[in-house]
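# Structure assessment
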Amino acid sequence: MTIEKIKNKVHAGQRLTAEDGLALFKSHDLLTLGRMASEAAQKKNGNKVYFVQNMHINPTNICVNRCTFCAFSKSKGEDGAYEMSLDDILARARTAGESVREFHIVSGLHPDLPFEWYLDMLRTLRKEFPSVHLKAFTAVEIDYLAKIAGLGLRETLLELKEAGLGSLPGGGAEIFDTPTRNTLCAEKISGARWLEVIEAAHSAGLKSNATMLYGHIETYEHRIDHLVRLRELQDRTNGFQAFIPLSFHSQNTEIKKSAYTTGFDDLKTLALSRLMLDNFDHIKAYWVMLGEKIAQVSLSFGVDDLDGTVVEERITRAAGGATDGSMTRDELLHLIRQAGKTPVERDTIYREIKVWG
Ligand code: V47
């Protein structure tokens, strides 16, 4: 399929096939790709670019898994391992300020904290911050919590929801292709299980995001396979809110790469995600991993969400992320406006809080 034919399909609002996606990945015509993705984004969200005032909280980096791409996790007792008490978590949450709308909470898979500890954490945060949305636990953590609790997935999710869980972040998806995933993270749940957990979350009334870790050992074929599997699940559940491609950072990891992903590849991947995931409302640029400048330019390549104020994220920093991991609302507004877009402050479930003219 030539790029010209794919362009006609996009124009007509037709779904792209895996072959179309692969042809686009192999093309170097970045500007045509950007224009197509922009057209698709414009149809969904007009000129709006969303952002949220949020805070990341990573209660512990202690993890029973040893993923080769992860610089964040530590074994219990290892140098640099930490675990926050509920009081530590509360103290950190209190520094977020009045305007925060979301706590994004993810951790390692801790070997001995009981399920009740996680319920307590949610209840405690919900009690003190009733208006802040708790977006917590990747599908990998949910699978682990179900095991600890000795409950089925649905019961686990419903208990967490009852305790205050509002939605799930999109982490832990990595890349679904089995041999690649086994090289990256042999102990982690499979791609099929990640999708199963997310499907259970959607059916329990919890929305989620989805991610894809790219720029390590995967191929373009693997990326397309990942996108198509997400699209198929979204057709069934419509529970995904945003898709976030995560650019791999290699420092302090077991995967040796001399450089980060290139700007060209980042923009291509974001644009392609917009084009392939025709049933996702939002494509998010996570500036902490992409850097502010590529994240801003991506607003002309199909992206409609710039996440977020964030505040001190640890996972990217551990792997050599170049940014300091937090941005003020005014800085975000500046980036969005300079790209000629309309900044829209949102909450986690994309209710508009303020359209910044
Ligand atoms: O699951 C781990 C990835 C994820 C590295 O849902 C790495 O709104 C790059 O999921 N280089 C956590 N990436 C971050 C995440 C996320 C971020 C922002 C918004 C949302 C959302 C979700 O980071 C992990 C893993 O896939 N990761 N190590 C690394 N060395």
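Conventions and cut-offs
- Residues numbered from 1 in each chain as written.
- Predicted model: local features only at pLDDT ≥ 70, side-chain atom pairs only at ≥ 80, totals over all residues.
- Heavy atoms only, no water.
- Buried < 20%, exposed > 50% of the residue type's maximum accessible area, 1.4 Å probe, protein only.
- Helix = DSSP H or I, 4+ residues; strand = E, 2+ residues; numbered from the N terminus.
- Arc of directions from axis to C-beta.
- Contact = heavy atoms within 4.5 Å.
- Near = heavy atom within 4 Å.
- Polar contact = N/O pair within 3.5 Å; in protein donor to acceptor, adjacent residues only side chain to side chain.
- Areas by Shrake-Rupley, 256 points an atom, 1.4 Å probe, with all protein chains shown as cover.
- Nonpolar A, V, L, I, M, F, W, Y, C, P; charged D, E, K, R; others polar.
- Phe/Tyr/Trp six-rings, centres within 6.5 Å; stacked < 30°, edge-to-face > 60°.
- Lys NZ or Arg CZ within 6 Å of the ring centre and 35° of its normal.
- Core = buried A, V, L, I, M, F, W, Y, C linked by side-chain atoms within 4.5 Å.
- Axes fitted to C-alpha atoms, helices over the stretch in contact; angles between N-to-C directions.
- Parallel < 35°, antiparallel > 145°, perpendicular 65-115°, else oblique.
- Left-handed = near helix turned anticlockwise from the far one by under 90°.
- Salt bridge = Lys/Arg side-chain N within 4 Å of Asp/Glu carboxyl O.

### Here's the deal with helix H15 (residues 329-338)
- If you check which residues of H15 are buried, you get Leu 332, Leu 333, Leu 335 and Ile 336. All buried residues of H15 project into a common sector of 165° when viewed along the axis, lining one side.
- On its buried face, H15 sits against strand S1 (48-51), helix H12 (287-290), helix H13 (292-297), strand S9 (305-307) and strand S10 (342-346).
- Two residues or fewer past H15, Gly 340 is found with a positive phi of approximately 80°.

### Comments concerning the site of the ligand
- For the ligand, the set of nearby residues contains 24 residues, the closest of which are Lys 135, Gly 170, Glu 174, His 249 and Lys 284.
- In this structure, an oxygen atom belonging to the ligand sits 2.8 Å away from a main-chain N or O atom of Gly 170.
- A distance of 2.9 Å is found between an oxygen atom of the ligand and a side-chain nitrogen or oxygen belonging to Asn 209.
- Considered on its own, the ligand offers 610 Å² of accessible surface; in the complex 96% of this is hidden by protein.
- Elements with a minimum of two residues in the shell around the ligand: strand S6 (207-214), strand S7 (240-247) and strand S8 (282-286).
- In terms of residue class, the shell around the ligand is made up of eleven nonpolar, nine polar and four charged.

### Some points on the packing of aromatic side chains
- A complete count under the given rule lists ten aromatic pairs for this structure.
- Ring geometry for Phe 103 versus Phe 129: centroids 5.2 Å apart, planes at 85°, classification edge-to-face. With Phe 103 in strand S3 (residues 102-105) and Phe 129 in the loop between helix H5 (115-128) and strand S4 (133-136), this residue pair connects regions lying 26 residues apart in the sequence. Neither residue differs from the other here; Phe 103 and Phe 129 are each classed as buried.
- Where Tyr 118 meets Phe 137, the ring centres are 5.9 Å apart and the plane angle is 75°; that geometry is what we call edge-to-face. Here Phe 137 lies in the loop between S4 and helix H6 (139-149) and Tyr 118 lies in helix H5, a separation of 19 residues in the sequence. Summarising the burial analysis for this pair, Tyr 118 and Phe 137 share the class buried.
- Members of the aromatic cluster, each reached through a chain of ring pairs, are Phe 176, Trp 194, Phe 240, Phe 243 and Phe 280.
- A cation sits over an aromatic face here: Arg 314 above Tyr 82, 4.4 Å from the ring centre.
- The lysine or arginine in question, Arg 346, covers the ring of Tyr 350, its NZ or CZ lying 4.1 Å from the ring centre.

### Looking at the nonpolar core
- Counting 109 residues, the largest nonpolar core has Phe 103, Leu 125, Phe 137, Trp 194 and Leu 230 as its most contacted members.
- For this core, the leading source of residues is H5, giving seven residues.
- Excluding anything up to four places from it in sequence, Phe 137 contacts Ile 105, Val 106, Tyr 118, Met 121, Leu 122, Ile 142, Leu 145, Leu 160, Leu 165, Leu 168 and Pro 169.

### Remarks on the packing of helix H9 (residues 191-203) against helix H10 (residues 220-237)
- Running from amino to carboxyl end, H9 crosses H10 at an angle of 20°, the nearest separation of the two axes being 11 Å. Compared by their axis directions, H9 and H10 come out roughly parallel. Considering the relative orientation of H9 and H10, their crossing is right-handed. The segment H9 lies against H10, with Trp 194, Leu 195, Ile 198, Glu 199 and His 202 engaging Arg 229, Leu 230, Leu 233, Arg 236 and Thr 237.

### A few points about unusual backbone geometry
- In this model, Asp 307 is joined to Gly 308 through a cis peptide bond whose omega is -5°.
- As for its position among the elements, Gly 308 is in the loop between S9 and helix H14 (315-318).
- Positive phi is not limited to glycine here, since Phe 137 has a value of about 70°.
- Residue Phe 137 is classed as buried on the basis of its relative accessible area, which comes to 2%.
- The phi angle at Asn 252 is positive, at roughly 60°, despite the residue not being glycine.
- Following the sequence through the fold, Asn 252 ends up in the loop between S7 and helix H11 (263-276).

### Quick look at the pattern of salt bridges
- Evaluated as defined, the whole model comprises 24 salt bridges.
- A salt bridge links Glu 128 to Arg 94, with the shortest nitrogen-to-oxygen separation between them at 2.7 Å. Residue Glu 128 is found in helix H5, and its partner Arg 94 is found in helix H4 (residues 86-94); the two are separated by 34 residues along the sequence.
- Using a relative accessible area of 48% as the deciding quantity, one classes Arg 94 as partly exposed.
- The salt bridge partner of Asp 265 is Arg 223, with a shortest N-O separation of 2.9 Å. Here Asp 265, found in helix H11, pairs with Arg 223, found in helix H10; they are 42 residues apart in sequence, far enough to count as distant. There is no split in this pair, since Asp 265 and Arg 223 are both buried.
- Salt bridges linked by common partners bring Asp 143, Lys 147, Arg 193 and Glu 196 together as one network.

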